[in-house]
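This is what each chain is made of:
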Amino acid sequence: MGQGLSIQKCDFMIPENNKSHHTEEISTKRLIVRRGQPFTITVSFSVPIHNFLKQMKRTFLVVQTGPHSSKADEIQAEFPISSLGDQKQWSAAVEEQDPNFWTLCVNTPANAPIGQYTLLFRASKSPQLLGSFTLLFNPWCQDDEVFLANEAQRQEYILNQEGIIYQGTENAILAQPWEFSQFEEDMLDICFILLALGEHFQREKDPAQRKNPVHVCRAVAAMVNCNEFRSLTEYEPGQHDNGTPPSTWLGSSPILQQWIASKFQPVRYGRCWVFAAVLCSVLRCLGIPTRVVTGFTWAHNTKCSLSVDEYYDEDGTLLTQDKSAHVWTFHVWNECWMARSDLLPKYSGWQALDATCQEKSTGLSFCGPAPVHAIKEGDTQVDYDVCYFFAAINAKCHVWIHKADDTLKPAYGGTKYTGNNISTKSVGSERCEDITQNYKYPEGSLQEKKVLDKAFRNMKELKTTSSSTEFIFIPTALEEPLNLFIHFQSSSSLQLGQDITLSIEVFNNSDREKATHLVAGIQALHYNGVPIAQLWKEEFHFNLHSNSVNNLRVSVPYTWFGKELGENHLLRLTAVLRDEDSSYMYLAQEEISLCDSPLTIEFPENMVQYEPSTAKISLQNPLMEPLEQCVIAVAGRGLIYRQRNYR
C-alpha cells in the first residue's frame, strides 16, 4: 500500500452478519450474505491512518468472483469508500472510525450475480485481500426478483430443512418425510459446483446470468437428471445392483455427498420424487423459495398432446405399449417463486419446474420454469414449456380393448382425467394442501372449456410456425352408450398383509335383459404406469334383468398378490364387461395403495445435549411369514451423522 501503511486484519463480523442475513445455519465460520442487503466489516490498519490522509481520500473496495478478474468468465466491480453508500449498487460507506480502524457498511445490488466473491481494499495500485464471501438470492429484499412478502412462507420455502413428499393415489395420498438438509456442511459448495456444471452443459458462459433466477433454475434442473454429468441416474424396474432403490433415500444430503465423493459420477438411483427433492434442496440453499408438488394421474411424455391412450386385453390386463407415453399414478415436480422479468407481470409468482426428463423434439430434457398462472390460463406459448405441463394435467386418457383378432374397440366408461389432487406440504404444518385450483379450473366448467379452446388455438398457431412441437387436440370424448355401467367399491388404501375385498356393481339401464360376460382382475404396476404382473383374475357370466343391478362381492387373499408388488406397492383393479348382444365393452378401474406398517420411534424421557442417547425403533410384522434381509434406514439432522442403514 506504500509508505508503511498496511491492513493488519479484517473482521467480517460473521456471527452478526450471517444472523442478519438468515444464513447462520449454513455456517458460523464464513461470511454468507444475501444480495440487496448491507453487511458490516471492520478494517484494522497497522499504523494510525491520520499519517496517510491524502491516500485515504481515494480508497476503494473491489469485489471479484475469481483470481483473474480480466477473464471473461469472471466478474469484477470496484467502488469508492465514501461517507454515504448507495443501497441500489455496489457501494461502501464508513460507519465508524478511529485512528486505527474503519467500520464499513457494504451494499450489494439486489440484482447482483450470486456466487463466491473475494473482497479487496485498494488505496494505491496494489489492492490488499480482505477475505472472501458468498452471495445468495434474497427473498427478504423487495428489489430482489425472488422477493417473497410472507415471512411464514420464507421460513417454510427457504429455511425449513425438513419436509413431506406426497405419493400414493389420488384417493389415498401417502406422506413421505424428507430431509432437505440444504444448510448441512458442504452443501453450499456442492450447490455451486452443481450450478457451474449445469451452466457448462447449457453452454452458458456469461457469469452475469447468475443474477437471473430463471437461469439458475434451468442450469440446476439440467444437472439433476438430464445430461451426462447428472447427479442422479433414473431407476428402471429390476435395477438393484450397485445402487440404492429410490424408496430408501431419506434425504438430499447423502445423494449430493455421494455425487461429490465419486467425482461427479451419477448416483444410483432416483425417481421423480428424488429428483424434485434434490432440486428443492439446491434451490433453497441458493436462496430461491422452492417447494415440492405432487400431482395424481399425470400424463407423461405426451409431447403436448391432450389425448393419451391406454390398451387392455379382453381380460382387463394393461398392455405395455409405447414406453414413452404413460399415465402415471403420481408425479412429483417443483415450484419456485420469482418475478418473471422476461414476461408480463401477471406471470410472476410460482413457476413449475420439472427435473424429470421428458421427450422433446430436441431430445430428453427437463421442463420449466413455467408460470403456474400461464398453465391455468392455457397460455401455452409462454416460456418455458407451459404446453408440456398443460398437457400433462389436462389430457384425457382413452381406453381401448385389444381383441384377440388384433382389432381395437373402445372401452366405454374408462376415460380418465389427469391432473387431480395436486398437493404440497402446507406452510408451518404437516397438513397436505390441495393446490389444484392454482393449475386448472374445475372439470366441466365453462372456464375450463374456454381455456382448452384457447390452448388449442395457441398451439395450432405455434404448429404452423414451428415443427418443434406436436400438439393434438381431441375436444370431445367418445360418445358412450349408457345401457350398462360398472361401479367399483373397495378400500383405496390397505395395510400390507391385508386381503382385498371388492364390490362390483353392474347396472343395466336399458329396458331389455342383457347377457353379459365380466372379467375382474388385479394387476401390480409401477407408479409410472408400467405393468408388472397380472396377480388375479376371475370371470363371471350372468343375465342382467332390465333396469336392475347385480352386486358381486369378491375377496382376494393377500397371499395371491403379495409376492409381486412393485416398489410403490400399487395395484390396479379392473373390471371388463362385454354386452354379448351388442359386443360393446365397458371398463372400470381403480388404483389402491398398500401401506407399509408404520415404524415407531421412542426416545428417553430425559436427554442431555451433546451426550449419547439410545432410541428404540420397532416394527410389527403384519404378514404371516417372517421378514428376512431387513434394512432400517435412519436419518436425523442434528442427531446422527448422515444416513445410516442397519441390517
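Calculation criteria
Residues numbered from 1 in each chain as written. Predicted model: local features only at pLDDT ≥ 70, side-chain atom pairs only at ≥ 80, totals over all residues. Heavy atoms only, no water. Buried < 20%, exposed > 50% of the residue type's maximum accessible area, 1.4 Å probe, protein only. Helix = DSSP H or I, 4+ residues; strand = E, 2+ residues; numbered from the N terminus. Pairing = 2+ DSSP bridges. Patch = residues over 30% accessible without salt bridge, like charges linked within 9 Å, V, L, I, M, F, W, Y side chains within 5 Å. Areas by Shrake-Rupley, 256 points an atom, 1.4 Å probe, with all protein chains shown as cover. Salt bridge = Lys/Arg side-chain N within 4 Å of Asp/Glu carboxyl O. Contact = heavy atoms within 4.5 Å. Phe/Tyr/Trp six-rings, centres within 6.5 Å; stacked < 30°, edge-to-face > 60°. Lys NZ or Arg CZ within 6 Å of the ring centre and 35° of its normal. Disulfide = S-S within 2.5 Å. 1 Å grid on protein atoms, 1.4 Å probe; cavity = no way out; pocket = protein on both sides within 12 Å on 5 of 7 lines; lining within 4 Å. Points joined across faces, edges and corners; volume = space filled by probe spheres on them. Nonpolar A, V, L, I, M, F, W, Y, C, P; charged D, E, K, R; others polar. Domains from an automatic or database assignment. Core = buried A, V, L, I, M, F, W, Y, C linked by side-chain atoms within 4.5 Å. Axes fitted to C-alpha atoms, helices over the stretch in contact; angles between N-to-C directions. UniProt positions renumbered as here; feature names shortened; annotations may be inferred. Buried area = accessible area lost by both parts, 1.4 Å probe. Polar contact = N/O pair within 3.5 Å; in protein donor to acceptor, adjacent residues only side chain to side chain.

As recorded by an unreviewed UniProt entry, the protein carries the name Erythrocyte membrane protein band 4.2 and is attributed to Taeniopygia guttata.

(A) Representation of the pairing of strand E7 (residues 101-107) within the structure. Burial analysis of E7 places six of its seven residues in the buried class, which makes it a mostly covered element. For strand E3 (residues 39-45) and E7, the ladder comprises six bridges, and the chain directions are antiparallel. Across the sheet, Val43 pairs through a bridge with Trp102, a residue of E7. Note: strand E6 (residues 91-98) against E7, seven bridges, orientation antiparallel.

(B) Looking closely at a nonpolar patch on the surface. A cluster of nonpolar residues, Leu599, Ile601, Phe603, Met607, Ile617, Leu619, Leu627 and Leu639, forms a patch on the protein surface that exposes about 770 Å² of accessible area. Relative to the helices and strands, Leu619 is located in the loop between strand E33 (616-618) and strand E34 (632-634).

(C) Region of interest: the environment of Leu119. Relative to the helices and strands, Leu119 is located in strand E8 (residues 115-122). Leave out the neighbours within four places in its chain, and Leu119 touches Phe12, Ile41, Leu61, Val62, Val63, Gln128, Leu129, Leu130, Gly131 and Phe133.

(D) Inspection of the packing of aromatic side chains at higher detail. Using the criterion set out here, one finds 23 aromatic pairs in the structure. With a centroid separation of 5.7 Å and an interplanar angle of 75°, the aromatic rings of Tyr235 and Tyr269 are classed as edge-to-face. Of the two residues, Tyr235 is situated in the loop between strand E12 (232-234) and helix H6 (253-261) and Tyr269 in strand E13 (residues 267-270); the sequence distance between them amounts to 34 residues. An identical accessibility class is assigned to Tyr235 and Tyr269; each is buried. One aromatic cluster is present, built from ring pairs that chain together Phe39, Phe79, Trp90, Tyr117 and Phe133. A cation over an aromatic ring shows up here: Arg284 above the ring of Phe180, its NZ or CZ 4.8 Å from the ring centre. If you follow Lys376 out to its NZ or CZ, it ends over the ring of Tyr441, 4.6 Å from the centre.

(E) Structural view of the environment of Ile401. Tracing the sequence through the fold places Ile401 in strand E19 (residues 396-402). Separated by 85 residues in sequence, Ile401 and Gly316 place their C-alpha atoms 8.0 Å apart. With residues near it in sequence (within four places) discarded, Ile401 still touches Tyr312, Asp313, Glu314, Thr407, Leu408, Lys409, Ala411, Met585 and Leu587.

(F) Inspection of the pattern of salt bridges at higher detail. Under the criterion given, the structure shown has 24 salt bridges. The salt bridge involving Glu335 is made with Arg291; its shortest N-O contact spans 2.8 Å. Residue Glu335 is found in strand E16 (residues 326-338), and its partner Arg291 is found in strand E14 (residues 290-300); the two are separated by 44 residues along the sequence. Judged on exposure class, the residue Glu335 and its partner Arg291 are both buried. Its salt-bridge partner being Glu625, residue Lys563 comes within 3.2 Å of it at the nearest N-O pair.

(G) Quick look at the pairing of strand E30 (residues 570-579). With nine of 10 residues buried, E30 is to be regarded as a mostly interior element. Pairing geometry for strand E27 (residues 514-525) and E30, over 10 bridges, is antiparallel. Residue pairing across strands places Gln523 opposite Arg572, the latter belonging to E30. Here nine bridges tie E30 to strand E31 (residues 585-595), and the two strands are oriented antiparallel to one another. By the bridge assignment, Leu571 is partnered in E31 with Ile592. Between the end of E30 and the start of E31, which pair antiparallel, lie five residues, with Ser583 showing a positive phi angle near 65°.

(H) Region of the structure containing the state of the cysteines. Inspection of the entire model under this criterion finds zero disulfides. Cys285 takes part in no disulfide bond, and the closest cysteine sulfur, belonging to Cys191, lies 3.9 Å away. Taking relative accessible area as the criterion, Cys285 reaches 0% and is therefore assigned buried. We note that Cys630 lacks a disulfide partner, and the nearest cysteine sulfur, in Cys595, lies 18 Å from it.

(I) Spotlight on the layout of surface pockets. Estimated volume of the second largest pocket: approximately 690 Å³. What lines the second largest pocket is a set of 30 residues, and nearest its centre among them are Gly413, Thr415, Lys416, Gln589 and Glu590. Taken together, the elements giving at least two residues each to the lining of the second largest pocket come down to E14, E16, strand E21 (416-417), strand E24 (484-489) and E31. Considering each element in turn, the lining of the second largest pocket owes the most residues, six residues, to E31. Here the residues of the lining of the second largest pocket are counted per class, giving 14 nonpolar, 11 polar and five charged. Per-domain counts for the lining of the second largest pocket show at least three residues from each of domain 2 (151-464) and domain 3 (482-593).

(J) Local environment of the nonpolar core. By size, the foremost hydrophobic cluster in this structure holds 90 residues, and its most contacted members are Val216, Val220, Leu283, Ile288 and Tyr439. Considering each element in turn, this core owes the most residues, 13 residues, to helix H7 (residues 272-286). In this view, Val216 contacts Ile114, Phe137, Leu195, Arg210, Leu283, Leu286 and Ile288; residues no more than four positions away in its chain are not counted. Grouped together as the second largest cluster of nonpolar side chains are 35 residues, Tyr412, Val506, Val554 and Ala588 included.

(K) Quick peek at the sheet that holds strand E29 (residues 548-556). With respect to topology, three strands assemble into an open sheet ordered E24-E26-E29, the strand pairing being antiparallel. On the outer flanks of this sheet lie E24 and E29, each paired with one strand and no other. Across the sheet, the mean angle from the axis of one strand to that of its neighbour is 20°, orientation sign disregarded. Bridge count for E24 against strand E26 (residues 500-508) is six bridges, and the pairing is antiparallel.

(L) A look at the UniProt feature "active site" (unreviewed entry) in the protein. Within this structure's numbering, the places UniProt gives as "active site" (unreviewed entry) are Cys272, His331 and Asp354. These annotated residues cover 83 residues of sequence, and their C-alpha atoms all fall within 9.7 Å of one another, placing them together at a single site. Structurally, His331 is set in strand E16. Overall, the relative accessible area of 0% leaves His331 in the buried class. Sequence-distant contacts of His331, that is, excluding residues within four places in its chain, are made with Cys272, Val293, Thr294, Gly295, Trp298, Asp354 and Thr356.

(M) Geometry of the domain arrangement of the protein. For the protein, the assigned domains are domain 1 (7-136), domain 2 (151-464), domain 3 (482-593) and domain 4 (599-646). Averaged C-alpha coordinates put domain 2 and domain 3 at centres separated by 31 Å. Here domain 2 and domain 3 share an interface that buries about 2900 Å² over both sides, 53% of which is from carbon and sulfur atoms. Contact with domain 3 buries surface across domain 2, with Asp315, Leu318 and Tyr412 losing the most and accounting together for 21% of the total. The tally of links between domain 2 and domain 3 comes to two salt bridges. Notably, a salt bridge pairs Lys537 with Asp315, separated by 2.5 Å at the nearest N-O pair. At the boundary of domain 2 with domain 3, the tally comes to 15 residue pairs in polar contact (both at pLDDT 80 or more). At five residues, the largest contribution of residues to the side of domain 2 that touches domain 3 is made by E16. Of the residues contributing to the side of domain 2 that touches domain 3, the split by class is 18 nonpolar, 12 polar and six charged.

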